[in-house]
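Tertiary structure, described
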Amino acid sequence: MAVAPPLLRVEHLTMRFGGLVAVGDLGFTARRGEITALIGPNGAGKTTVFNCITGFYKPTEGRIAVVHGEAGLWDELEALTRRGDRHLTLANGGLFLLERMPDHLVSRQAKVARTFQNIRLFSGMTVLENLLVAQHAPLMLASGFSLLGVLGVASYRRAERAAIDKAKHWLALTGLLDRADEPAGALPYGAQRRLEIARAMCTDPVLLCLDEPAAGLNPRESAALNELILTIRDRHATSVLLIEHDMSVVMEISDHVVVLDYGVKIADGTPEEVRNDQKVIAAYLGVADDEVEAVEAEVGL
Ligand SMILES: Nc1ncnc2c1ncn2[C@@H]1O[C@H](COP(=O)(O)OP(=O)(O)OP(=O)(O)O)[C@@H](O)[C@H]1O
Ligand SMILES: [Mg+2]
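Residues numbered from 1 in each chain as written. Chains lettered and ligands numbered in written order. Predicted model: local features only at pLDDT ≥ 70, side-chain atom pairs only at ≥ 80, totals over all residues. Heavy atoms only, no water.

Quick look at the coordination of the magnesium ion (ligand 2) now. Around the magnesium ion (ligand 2), the protein contributes the donor atoms Thr-47 (OG1) and Gln-117 (OE1), at 2.0 to 2.2 Å from the metal centre. Of this pair, Thr-47 sits in helix α1 (residues 46–53) while Gln-117 is found in the loop between β7 (112–114) and α4 (127–133), placing the two residues 70 residues apart along the sequence. Judged by its relative accessible area of 33%, Gln-117 is partly exposed. (Donors = N, O, S within 2.8 Å, 3.2 Å for Na, K, Ca; no water. Helix = DSSP H or I, 4+ residues; strand = E, 2+ residues; numbered from the N terminus. Buried < 20%, exposed > 50% of the residue type's maximum accessible area, 1.4 Å probe, protein only.)

Put into structure tokens, the structure is as follows:
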């Protein structure tokens, strides 16, 4: 099978907090149409990588690029970097340097959406309102940013209709349609996690970044989540970058796995390759490399 073109390229990414190197010289590629998992022990730097990709942190060093449309746009990467611009938009697609963009532009222009390790919803708003707020930008654009536009113009009413239709589509896919009018904060935990994904999908991302979406879910909810993520990849032309602690989820749905330990990449490959990697086993079991064999024997590998 032909290798899919890159969608996201992370190069020489470093994030320091004072003396702590949370992420050190990290490079990896997420390909179009794939689920890429980012795994590693607690404190390995996974969420920090997400914060750099999505514009919440400005990396100390490194380049983070996304291409929409034609893969040939990657040829423009060096020229764009030299020019000091944030993005290049052409008729056949766009090239975006995320490390130069604030979070709202990463989501709106580069079309990279995320969920949070600690759920962040508008808990006093209803489920439906949370999904409409996510579509605020296209709605305001349709209004011409004027009260008159909001009150009367047909283009605004069309945009509003489209926003509600999109919200309903995602409520149905996440099993939340019958809870649309409840306050988000009143939903059970697993439903809030699904609502976060629905909200991110309402921004029409090309890349969806999920930070431990299965955390705190029961086995049934976790299986439903796997299905949802596969549907997003296969039916909505959205690639996925997934941080996950649950190895059964990672092994079951990922196309490609990147492993971090103390901010450094220690493995990068298929789930099968990574599972059998000595460094990965050592990192997860918390022992030095030369002790791996002994530990493996102990756990029966
Ligand atoms: N804003 C910050 N200021 C200072 N240190 C930070 C900050 N954010 C993260 N760190 C540190 O960077 C390191 C990596 O943290 P990060 O949250 O990225 O790890 P993680 O892999 O997501 O861990 P977990 O699996 O527990 O979520 C940790 O040592 C953490 O304390
Ligand atoms: Mg984290």
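We are not done yet, so read on.
In this structure, Asn-226 sits in helix α9 (residues 219–235). Judged by its relative accessible area of 5%, Asn-226 falls in the buried class.

This paragraph deals with the environment of Val-257. Position of Val-257 relative to the elements: it lies in strand β10 (residues 256–261). Look at Val-257 and you get buried, because its relative accessible area is 0%. The spatial distance from the C-alpha of Val-257 to the C-alpha of Thr-270 is 5.9 Å, given a sequence separation of 13 residues. Contact partners of Val-257, with chain neighbours within four places excluded, come to Ala-37, Ile-39, Val-250, Ala-267, Asp-268, Gly-269, Pro-271 and Val-274. (Contact = heavy atoms within 4.5 Å.)

Further remarks concern the sheet that holds strand β3 (residues 35–39). The six strands lie next to each other as β7-β8-β9-β3-β10-β11, forming an open sheet whose pairing is mixed. Single-partner strands in this sheet number two, and they are β7 and β11 (264–269). Strand-to-strand, the axes of this sheet are offset by a mean angle of 15°, without reference to chain direction. Bridge analysis of β7 against strand β8 (residues 207–211) gives three bridges, and the strand direction is parallel. Following the sheet pairing, Val-112 is matched in β8 by Leu-207. On the sheet, α1 packs against β3, β7, β8, β9 (239–243) and β10 and is oriented at approximately 145° with respect to β9. (Pairing = 2+ DSSP bridges. Axes fitted to C-alpha atoms, helices over the stretch in contact; angles between N-to-C directions.)

Time to look at the packing of aromatic side chains. Using the criterion set out here, one finds two aromatic pairs in the structure. Where Phe-17 meets Tyr-57, the ring centres are 5.5 Å apart and the plane angle is 75°; that geometry is what we call edge-to-face. One end of the pair, Phe-17, is in strand β1 (residues 6–17); the other, Tyr-57, is in the loop between α1 and β4 (61–69), and 40 residues separate them in sequence. A relative accessible area of 34% places Phe-17 in the partly exposed class. For the pair Phe-56 and Phe-116, a centre-to-centre distance of 5.5 Å together with 85° between the ring planes defines the contact as edge-to-face. (Phe/Tyr/Trp six-rings, centres within 6.5 Å; stacked < 30°, edge-to-face > 60°.)

Attention shifts here to the pattern of salt bridges. In this structure the tally under the stated criterion is 13 salt bridges. Linking Arg-161 and Asp-165 is a salt bridge whose minimum nitrogen-to-oxygen distance equals 3.3 Å. Residue Arg-161 and its partner Asp-165 are both found in helix α7 (residues 154–173); the two are separated by four residues, about one turn of the helix. Accessibility expressed as a relative area gives 40% for Asp-165, which makes it partly exposed. With a closest N to O distance of 2.7 Å, Asp-204 and Lys-166 form a salt bridge. Of this pair, Asp-204 sits in the loop between α8 (189–201) and β8 while Lys-166 sits in helix α7, and the two are 38 residues apart along the sequence. (Salt bridge = Lys/Arg side-chain N within 4 Å of Asp/Glu carboxyl O.)

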